Amino acid sequence: GGVYLCAGAEAGMTDSKIENNSAENNGGGLYLECGAALKVTNKLTVSSNTATQGGGLYIGGGTDGTCVHALGNEYSITGNTATQGGGVYFACLGSMTLDGTTLTNNSADLGGAICAAAGTTVFKSADTQGCSAATGGSALYIMKDATFDHASGTLAGSAYAEGTYKLNAADATV
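Presented here is an overview of the structure given in this document. (Residues numbered from 1 in each chain as written. Predicted model: local features only at pLDDT ≥ 70, side-chain atom pairs only at ≥ 80, totals over all residues. Heavy atoms only, no water.)

Here we look at the side chain of T147
Alright, step 1. When you line up the elements, T147 lands in strand β19 (residues 146–150).
Alright, step 2. Ignoring any residue separated from it by four or fewer positions in sequence, one finds T147 in contact with G119, T120, T121, I142, T164 and K166. (Helix = DSSP H or I, 4+ residues; strand = E, 2+ residues; numbered from the N terminus. Contact = heavy atoms within 4.5 Å.)

And the structure:
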């Protein structure tokens with residue numbers, strides 16, 4: 001893949017692009033182990049990457065199974081492809097918050113924009129557009145050990161849930 005941060009690692013990016021990478025397994029564009037920290041200033045575009053899980057971004061693995069990751073409005077995740085989680089694949093026991101993040105034109109067999117495999121994913125003022133899935137969940141696929149907390153924002157497309165889906169606000173739309 002493009003960038004790999006192991007548990008305990010800290011890195012920063014400013015006005016950056018991670019494009020046209022591939023990984024045989026996880027994290028075509030960006031692989032963050034649970035417990036890694038990435039600070040993004042201004043904009044990070046993750047586009048045209050491929051992997052089995054997390055075409056654009058994979059968060060999981062490592063020794064610190066409980067983690068907190070926040071992806072803000074500086075993240076643009078677009079045009080990535082994977083078997084699971086074309087845009088983002090989340091597999092930590094902690095939480096991931098998508099706050100103002102845009103996910104567009106990502107594709108996968110399961111979870112075109114997002115595949116939540118474990119922990120809690122919070123979707124807040126975020127947006128998915130034009131994502132597709134061959135088997136299920138063009139916008140979102142929630143596996144049985146995961147919880148998806150839809151606080152606000154728009155999930156354009158279908159959502160498939162084996163796990164828990166919570167719709168918590170009037171301004172949250174699917």
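Back to the write-up after that little detour.
Things to note about the sheet that holds strand β3 (residues 30–32)
Alright, step 1. Strand order in the open sheet formed by 7 strands is β1-β3-β6-β10-β14-β18-β21, with parallel pairing between adjacent strands. Looking at strand neighbours, the two that pair on one side only are β1 (3–5) and β21 (159–161), the edges of this open sheet. Here the strands of the sheet are splayed against their neighbours by 5° on average, with no regard to which way each runs. (Pairing = 2+ DSSP bridges. Axes fitted to C-alpha atoms, helices over the stretch in contact; angles between N-to-C directions.)

Quick word on the side chain of N80
Alright, step 1. Tracing the backbone shows N80 in the loop between β8 (75–78) and β9 (81–84).
Alright, step 2. Take N80: its relative accessible area is 0%, and that puts it in the buried class.
Alright, step 3. At a separation of 3.3 Å, a polar atom in the side chain of N80 contacts the main-chain carbonyl oxygen of T78. (Buried < 20%, exposed > 50% of the residue type's maximum accessible area, 1.4 Å probe, protein only. Polar contact = N/O pair within 3.5 Å; in protein donor to acceptor, adjacent residues only side chain to side chain.)

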